[in-house]
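Chains, contacts and geometry: an overview
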Amino acid sequence: MARGECNCGGVQFQIDAELSAVIICHCSICRRSTGSNGIAVLVVANEQFRWLGGQEQIGQEQIGQEQIGQEQIAMWKKPGTEWETWFCRVCGSRVPGVNDPARMFVPAGCITQGDDALRVTHHIWVGSKAVWDEIGDAGKQHPEKFGG
Ligand SMILES: [Zn+2]
Ligand SMILES: [Zn+2]
């Protein structure tokens, strides 16, 4: 079991699974979005994911199988791409969002409990990483997306 939250605490969630695998995306879109070398995420099944805070406040928008508070969480999709990001409207923290119809992605940095076993298992879009970004762990490196 793991828990996480954004910096202001308005968005909170729980994951009912033992977490281990972290994927880091080094693509230029993620880099601009975070201002860093990319973003580290976990992917979990919808039924393992539960919002703990905010969702009753407002929104009826379906994200995964859960309803979330639209006033607290904003989504932005980059025009002309499939790239989407979810973030807290109050503090700007990156928060979980839809990976695909069956799974959520969870930014690894907002996990506050249950992260002891986390290790980087995959790096994606390594072929376009920043020149100053040196990968120092044992995660498998993919030039583009998985299988790319
Ligand atoms: Zn927040
Ligand atoms: Zn990316």
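Not measured: the values here are computed from a predicted model.

Quick notes on the rules
Residues numbered from 1 in each chain as written. Chains lettered and ligands numbered in written order. Predicted model: local features only at pLDDT ≥ 70, side-chain atom pairs only at ≥ 80, totals over all residues. Helix = DSSP H or I, 4+ residues; strand = E, 2+ residues; numbered from the N terminus. Buried ≥ 20, exposed ≤ 12 C-beta atoms within 10 Å, placed from the backbone. Contact = placed C-beta atoms within 7 Å. Pairing = 2+ DSSP bridges. Axes fitted to C-alpha atoms, helices over the stretch in contact; angles between N-to-C directions.

This paragraph deals with the overall build of the protein chain. Summing up its helical and strand segments, the protein chain has 1 helix and 14 strands in all. Expressed as a percentage of the 148 residues in the protein chain, the buried residues total 32%. Within the protein chain, counting contacts between residues at least 6 apart in sequence, those at least 24 apart form 50% of the total.

Okay, the pairing of strand E8 (residues 73-77) next. In the sheet, E8 pairs with strand E9 (residues 84-88) via 5 bridges, with the strands oriented antiparallel. Pairing of Lys 77 across the sheet is with Glu 84, part of E9. Hairpin remark: E8 followed by E9, antiparallel, with 6 residues in the connecting loop; positive phi at Gly 80, about 80°.

In this section: the sheet that holds strand E1 (residues 2-5). Reading across the sheet, the 4 strands line up as E5-E2-E1-E12 and stay open at both edges, with antiparallel pairing between neighbours. Sheet topology places strand E5 (49-53) and strand E12 (111-113) at the edges, where each strand pairs with a single neighbour. Strand after strand, the sheet turns through a mean of 30° between neighbouring axes, direction not considered. Sheet analysis places E1 next to E12, joined by 2 bridges and oriented antiparallel. Residue pairing for E12: Arg 3 is matched across the bridge by Gln 113.

On to the environment of Pro 101, then. Within the secondary structure, Pro 101 sits in the loop between strand E10 (97-100) and strand E11 (103-107). Pro 101 sits 55 residues away from Asn 46 along the chain, and the two C-alpha atoms are 8.3 Å apart.

This part takes up unusual backbone geometry. Working note: non-glycine residues mostly have negative phi, and peptide bonds are mostly trans. Even without glycine at this site, Trp 125 takes up a positive phi of about 55°. Along the chain, Trp 125 falls in the loop between strand E13 (119-124) and strand E14 (140-141). Given 21 C-beta atoms within a 10 Å radius, Trp 125 is considered buried.

A few words on the pairing of E10. When E10 meets E11, the two strands line up antiparallel, connected through 3 bridges. In the strand pairing of E11, Asp 100 is matched with Arg 103. Where E10 folds back on E11, the antiparallel hairpin that results is connected by 2 residues.

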